[in-house]
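Structural characterization, general
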4 protein chains.
Amino acid sequence: MIDVGIIGGSGYTGRELIKLLLQHPEATIRIVTSRRLSGIPVTDIHRHLYGLVDLRFEDPSPSEIASACDIVFTAVPHGAAMEIVPELLAGGTRVVDLSADYRLTQQAFEATYKRMHTDPRDAVFGLPELHPEVAKADLVANPGCYPTGAILSAAPLASEGLIKYAIFDSKSGISGAGAEPSETSHYPNLAENVRAYNITAHRHLPEIIQELRRLDRSLGNIYFTPHVVPAIRGIVTTAHLILHDESDYDAILNLYKDFYANKPFVRVRDDIPNLADVRGSNFCDIGLACGGNRVVVISVIDNLIKGASGQAVQNMNLMFDLPETCGLLMPPLSP
Amino acid sequence: MIDVGIIGGSGYTGRELIKLLLQHPEATIRIVTSRRLSGIPVTDIHRHLYGLVDLRFEDPSPSEIASACDIVFTAVPHGAAMEIVPELLAGGTRVVDLSADYRLTQQAFEATYKRMHTDPRDAVFGLPELHPEVAKADLVANPGCYPTGAILSAAPLASEGLIKYAIFDSKSGISGAGAEPSETSHYPNLAENVRAYNITAHRHLPEIIQELRRLDRSLGNIYFTPHVVPAIRGIVTTAHLILHDESDYDAILNLYKDFYANKPFVRVRDDIPNLADVRGSNFCDIGLACGGNRVVVISVIDNLIKGASGQAVQNMNLMFDLPETCGLLMPPLSP
Amino acid sequence: MIDVGIIGGSGYTGRELIKLLLQHPEATIRIVTSRRLSGIPVTDIHRHLYGLVDLRFEDPSPSEIASACDIVFTAVPHGAAMEIVPELLAGGTRVVDLSADYRLTQQAFEATYKRMHTDPRDAVFGLPELHPEVAKADLVANPGCYPTGAILSAAPLASEGLIKYAIFDSKSGISGAGAEPSETSHYPNLAENVRAYNITAHRHLPEIIQELRRLDRSLGNIYFTPHVVPAIRGIVTTAHLILHDESDYDAILNLYKDFYANKPFVRVRDDIPNLADVRGSNFCDIGLACGGNRVVVISVIDNLIKGASGQAVQNMNLMFDLPETCGLLMPPLSP
Amino acid sequence: MIDVGIIGGSGYTGRELIKLLLQHPEATIRIVTSRRLSGIPVTDIHRHLYGLVDLRFEDPSPSEIASACDIVFTAVPHGAAMEIVPELLAGGTRVVDLSADYRLTQQAFEATYKRMHTDPRDAVFGLPELHPEVAKADLVANPGCYPTGAILSAAPLASEGLIKYAIFDSKSGISGAGAEPSETSHYPNLAENVRAYNITAHRHLPEIIQELRRLDRSLGNIYFTPHVVPAIRGIVTTAHLILHDESDYDAILNLYKDFYANKPFVRVRDDIPNLADVRGSNFCDIGLACGGNRVVVISVIDNLIKGASGQAVQNMNLMFDLPETCGLLMPPLSP
């Protein structure tokens, strides 16, 4: 059994981690932390888990957590992870960080998040379909939700050097903005609506650029525009990929199928997927259409699972030499 | 032209008043107040009205407002209206109060809202279908949204003394809870959900009891349970009315049609109405079904219009001897 | 391993059965039938299960199914089950029927569904919390979705003879109406709306009456009014229960907790549950409020799981002497 | 008074035309046709208008309609308009056609809609912001909903020859697909979802190309991908415009403000608009963001009003020398 700690258990990614790990046959949750809620039963906040888990939120020190756990998930805001990860690693535990702190180079991080990085160190970018070296890592930087959908939608073409430039137009459910009520999440503001935001400069863009340029150093402009749509969960990424040459549907579809042939959580489809195909699951479904020198790739994920906590557990599986799908094959909720 | 003031112009009822009065051929908005937003253009907050109104929020004293306006709408929280209404009336203006402050007897108010009433005085309960004396009033207490739907659904039967007891089960869109984000209005908490709240003791119950007992002093128990549903606007009231005797559909339908024969905003239907029939309008649509000694009456309103600001303008029309429908016959938005 | 057949695998209840049984550690799906789709891969229709199941729809005779399966779920329209159940039982298999055909007495069935019953025979009403004799049954009549929520909300009080009469006001997601598009399920007609229907005479009422009168022969009038709300899944039942005597919150809550003490899928709560607490799970959560001689009980279920296919699997577990929760403890999807 | 006929009054565009013309001070609806519903009161279908209109659907011949009406709106499927428009024009009435039949050149029409055009003739493309010659036209081809949002979002930059190529990524409410229930409009399929469709080859693309190339013959590739989102009304168009040169926010915003300075229904904003800003109104709101050589323009419209029937009435106003805004300044419904 793997002993697991979750730092930051009150938000949506912590909540989903708890749920997933409860169902995991090889993991046991030892500690769930929350400074604010210390002492409170976990199910007072995560009501749906009533009767399924008997833990209370705690607030131990990182070193205490490190000594009790084989792996720790840090589900904290960016800037907070770098304060605790050094101590966790020093304590001998392994870490999957769900914040943004270790995803980028120091320079890119500081430019994007407008703050100094106090713990620059190497981490593996935790998109396991592209980074098998996750298995050996002590510190995995779990990707952002948008980058997961965007990178997976373009990686096969990028790895072949076929893309001239790329425009990612993403549509996300509001749970990506977290559990705290806000103007944007206020029901009358979101229902029957679509909102574009951070239109040319969302913080997730550098992750997308970093990973796609890693696959094709000469890939041209990469643009990203996110929207929130009236949905709780899910991200649809519409990747408008302009190729150097004319596109060929069959060839490209086969390229995608080959690229993801042994990746159990990416399902390349012969038609266009939608959010109901993946809601509540760790799948990323992909479909595409071609026209002239453009390929439009549609990828769909559950932002809280494949876009966050499910991917984190997938990384854990690889880090502990378990089957990649262990505890993660729950089918989507559809309808 | 009627010169109008709106005290409390930043919330949803103020917002809707501004919109309705802009379209009103006999009224001109002179003042829209907001302490917090004083100096800011109204359309910075009410973005949809951009180009349609050129006012700024102000913060004048009640007596200044009174001297500038023929009528003032107080769209403020309960407890706040009683602080300003005396001065407004003393200044010679007439008032439609959209708060709860003047709807109940002093005793009922204090028991319900758990606070002293500092300005007990007579006001007319502003449900114009039941209170034609609105026309002569200087102070009209505009009803709550739930009471509007509930009272109209039961009044014809109550006025004939036919109801033994009544259970009102209401389903409301979330705009009734206001423009401020909250746990309840957080999209992930409301979408795909229904929430019962204040199940046996909602503050609107005393209004319902007051008005129905006025029609039938011997009417038995009156129960009320509200729910929020995933909708922005609208209240569906399911009135389970248990009669003293067997119900007869045709007779009761005719009773309703006669009762509301000259009431232009109540449309009694031969079938069951739904929110799309009234969304965006000042109509209250009513339909019913019978079984044994039970009548189930379904009433539907737009909570922000017939349940608040539209009704307030309807009251204004009557107070100024205008046609009841003046400026208020905008058709519903359906679909 | 239990060999399972599903007759009628293309609709929502069949779809959910497939999903649940795929996750069940003691069951194997042998046959999924669909006359219309015979030969087609199951995942062409149930897209979300792509990669998780490799079956095709078939169309064998009931006797072939019976000989291949230890248990058969009939997820067919009412009237269709009685055409095949006799042959299935004659073939030696056990049956959980998800249609309405065996839930009522012959007389009640014929009065309600306006058709002759061609196979009147004894079946156990498959609400396992009230009918432990499910374990021994060869034919289990799985309850309707509304009756599941309504009966569970009132059973403890009914079993003590405390209820004078009962009004069930239910709010359902639209998936209860099935996978076929209709006027009611047309998005512009349902979004931002609530629709009452079959207001005094829904077909599920006789089931509710049958089960509650079984617990308390002298229980008075039982009323039921359903509504559809803008949600895919879930039923909230607001049970307005008028008692013979004054209600006492603590006593009644304890009564409920005791009544459901060993029922793993009923969670009695200290507050009011909502659909997010149970979505995607087999739980029925219950909370209540008291006022005068009225108790308002709120029960929430996922209509496709505890209200249909999950309950059917729960029945299977009992019929095959497995733990009641076997394969059914998937946590709810919240948010 | 202008005597108006509506051919095809049962669908969503006919429905919205009826509503708008009822409120129009200079127009009177003389005839509303529907072959299928002839003889039925209009309010049996358009329930929300109950009490506001007293017409019945009729089925007269085009020449009868032409002789009774000064203008006829043809709200019929593509292919049907060309069967009746010749007779209407021959009868001396003027026509605004809401179908696709007269928007494109004969060649483009036949290539796009895969059918012969039986009535090739000149018509004015009824986007009044770009086509003031609407005023003199006898036949106006009302634009498609997507083209309205897309063309208006790019026209100012196109008219200056600044765009290298353009990718329009549009998100539409489902009412654009009409009043008939379908798989796509089935609530469980659309709620909590986003669906891309006709990804590289939607029929509205040729309209967009025609109009933008008219403004800039050398504009490069123009791509268009539509999506349906869980909303009844509205289209958000995210126009990713790649310029020949570096973009400058202030200069481009001023260009837009100047371009639309005298266009009362286009509101250029200093920030990013959303659907609530225009729902229920004839406005097209536009905002933009710049980054590198990319401009992202967001335009929002109510697809049934500015995207269809409102624009048709706007055209009528111009054709009859009325103020462009006559009867069309109803404010948006927000929230």
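Procedures and definitions
Residues numbered from 1 in each chain as written. Chains lettered and ligands numbered in written order. Predicted model: local features only at pLDDT ≥ 70, side-chain atom pairs only at ≥ 80, totals over all residues. Helix = DSSP H or I, 4+ residues; strand = E, 2+ residues; numbered from the N terminus. Rg over C-alpha atoms; globule rule 2.2 N^0.38 Å. Buried ≥ 20, exposed ≤ 12 C-beta atoms within 10 Å, placed from the backbone. Contact = placed C-beta atoms within 7 Å. Least-squares fit on C-alpha atoms with pLDDT ≥ 70 in both. Pairing = 2+ DSSP bridges. Axes fitted to C-alpha atoms, helices over the stretch in contact; angles between N-to-C directions. Domains from an automatic or database assignment. Right-handed = clockwise from strand over helix to strand, strands pointing away. Nonpolar A, V, L, I, M, F, W, Y, C, P; charged D, E, K, R; others polar. Core = buried A, V, L, I, M, F, W, Y, C linked by C-beta atoms within 7 Å. Parallel < 35°, antiparallel > 145°, perpendicular 65-115°, else oblique. Left-handed = near helix turned anticlockwise from the far one by under 90°. pLDDT = per-residue confidence, 0-100.

In this section: the overall build of chain A. Along its length, chain A carries ten helices and 14 strands. Over its C-alpha atoms chain A spans a radius of gyration of 19 Å, differing by no more than 12% from the 20 Å that the globule rule assigns to 335 residues. Across its three principal directions, the C-alpha atoms of chain A cover 60 × 45 × 40 Å. Counting across all 335 residues of chain A, residues that qualify as buried make up 62%. Look at the contacts in chain A between residues 6 or more apart in sequence, and 70% of them connect residues 24 or more apart.

So, about the relation of the copies chain C and chain B. Superposing chain C onto chain B takes a rotation of 180 degrees combined with a translation of 0.0 Å along the rotation axis, leaving an RMSD of 0.0 Å. With respect to symmetry, the two chain copies, as superposed, fit the operation of a two-fold axis. When each C-alpha of chain C is compared by its distance to the rotation axis, Pro230(C) comes out closest, at 3.2 Å. Both copies contact each other with a shared surface, as 100% of the interface residues of chain C are interface residues in chain B too.

Turning to the sheet that holds strand β1 (residues 2-7) of chain C, a few remarks are in order. Hydrogen bonding along the main chain pairs the strands of a sheet, whether they run parallel or antiparallel. Residue and element names in this part refer to chain C. Strand order in the open sheet formed by seven strands is β3-β2-β1-β4-β5-β7-β6, and the pairing between neighbours is parallel. Strand pairing shows two members of the sheet lacking a second neighbour, β3 (57-58) and β6 (124-125), which therefore form its edges. When β1 meets strand β4 (residues 71-74), the two strands line up parallel, connected through four bridges. The partner of Val 4 across the bridge, within β4, is Ile 71. The sheet strands contacting helix α10 (residues 305-319) are β4, β5 (94-97) and β7 (139-141), and the helix crosses β5 at an angle near 155 degrees.

Rotating chain A by 180 degrees about the axis while translating it 0.0 Å along that axis superimposes it on chain B, leaving an RMSD of 0.0 Å. Counting the interface residues of chain A, we find that 100% of their copies in chain B are interface residues as well, pointing to one common contact surface.

Before going further, it helps to spend a moment on the domain arrangement of chain A. Taken domain by domain, chain A consists of domain 1 (2-121) and domain 2 (145-303). Domain 1 of chain A puts eight residues into the contact, and the matching count from domain 2 of chain A is seven residues.

This part takes up the pairing of strand β2 (residues 27-33) of chain D. Residues and elements named next belong to chain D. Most of β2 sits inside the fold, with five of its seven residues counted as buried. Of the strand pairs in this sheet, strand β1 (residues 2-7) and β2 are connected by six bridges, and their pairing is parallel. Counted as the bridge partner of Ile 6 is Val 32 from β2. Read as a crossover between parallel neighbours, the route from β1 over helix α1 (residues 12-22) to β2 is right-handed.

What follows concerns the sheet that holds strand β14 (residues 294-301) of chain C. Residue and element names in this part refer to chain C. On the basis of which strands lie adjacent, the open sheet formed by seven strands has the order β9-β10-β8-β11-β14-β13-β12 and mixed pairing. Strand pairing shows two members of the sheet lacking a second neighbour, β9 (195-196) and β12 (266-268), which therefore form its edges. Lying on the sheet, helix α8 (residues 205-215) is in contact with β8 (163-172) and β10 (222-228); it crosses β10 at an angle near 140 degrees. Packing against the sheet, helix α9 (residues 249-259) makes contact with β12, β13 (284-291) and β14, and its axis sits at approximately 160 degrees to β13.

It is worth spelling out the interface of chain C and chain B at this point. When the parts come together, some accessible area is lost, and that loss is often what is quoted as the size of the interface. On the chain B side, the residues contacting the 34 residues of chain C number 34 residues. For the side of chain C that touches chain B, the class distribution of residues is 20 nonpolar, eight polar and six charged.

To continue, consider the environment of Ala27(C). All names here are of chain C. In this fold, Ala 27 is placed in strand β2 (residues 27-33). Remark: the alpha-carbon pair of Ala 27 and Gly 327, spanning 300 residues in sequence, is separated by 9.2 Å. Apart from the residues lying within four places of it in its own chain, the contact partners of Ala 27 are Met 1, Ile 2, Val 4 and Leu 21.

Let's shift gears to the nonpolar core. Ranked by internal contacts, the top residues of the largest apolar core, which has 452 residues, are Ala154(A), Ala154(B), Ala154(C) and Ala154(D). Those residues in contact with Ala154(B), other than ones at most four positions away along the chain, are Ile163(B), Ala166(B), Leu212(B), Ala239(B), Leu241(B) and Val297(B).

A few words now on the packing of helix α6 (residues 145-159) of chain B against helix α8 (residues 205-215) of chain B. Residue and element names in this part refer to chain B. Two elements in contact, α6 and α8, have axes separated by 9 Å at closest approach and are oriented at 20 degrees. One element, α6, and the other, α8, form an angle in the roughly parallel class. Note on packing geometry: the crossing formed by α6 with α8 is right-handed. Of the residues in α8, those in contact with Pro 147, Ala 150, Ile 151, Ala 154, Ala 155, Ala 158 and Ser 159 of α6 are Glu 207, Ile 208, Glu 211, Leu 212 and Leu 215. Taken together, the residues of the contact of α6 with α8 sort by class into nine nonpolar, one polar and two charged.

Our next topic: unusual backbone geometry. Omega for the bond connecting Ser334(A) with Pro335(A) falls within 30 degrees of zero, at 5 degrees, which places this linkage in the cis form. Along the chain, Pro335(A) falls in the segment after α10 (305-319). The backbone of Lys114(C) shows a phi angle near 55 degrees, a positive value even though the residue is not glycine. Relative to the assigned elements, Lys114(C) resides in the loop between α5 (106-113) and β6.

Our next topic: the packing of helix α6 (residues 145-159) of chain D against helix α10 (residues 305-319) of chain D. Residues and elements named next belong to chain D. Running from amino to carboxyl end, α6 crosses α10 at an angle of 100 degrees, the nearest separation of the two axes being 8 Å. When the axes of α6 and α10 are compared, the pair comes out roughly perpendicular. Touching Cys 145, Thr 148 and Gly 149 of α6 are Lys 306, Gly 307, Ala 308 and Gln 311, all from α10. Residue classes in the contact of α6 with α10 are distributed as two nonpolar, four polar and one charged.

All names here are of chain C. Burial of β13 is extensive: seven of the eight residues sit out of reach of the surface. Bridge count between β13 and β14: eight bridges; the pairing is antiparallel. Bridging across to β14, Asp 285 finds its partner in Val 300. In this antiparallel pair of consecutive strands, β13 and β14, the connection spans two residues, and Gly 292 shows a positive phi of 60 degrees.

Our focus in this paragraph is the environment of Gln106(B). All names here are of chain B. Residue position: Gln 106 is located in helix α5 (residues 106-113). Judged by the 13 C-beta atoms lying within 10 Å of it, Gln 106 is partly exposed. In this structure, the C-alpha to C-alpha distance between Gln 106 and Gly 176, residues 70 residues apart in sequence, is 24 Å. Residue contacts for Gln 106: discarding those within four places in its chain leaves His 117 and Pro 120.

Let us now look at the environment of Asp271(D). Residue and element names in this part refer to chain D. Within the secondary structure, Asp 271 is located in the loop between β12 (266-268) and β13 (284-291). Residue Asp 271 is classed as exposed on the basis of its 10 C-beta neighbours within 10 Å. For the pair Asp 271 and Val 134, spaced 137 residues apart in the sequence, the C-alpha separation amounts to 31 Å.

Taken residue by residue, chain A gives an average pLDDT of 98. The fraction at 70 or more is 100%. Confidence metrics for the complex model read pTM 0.97 and ipTM 0.97.

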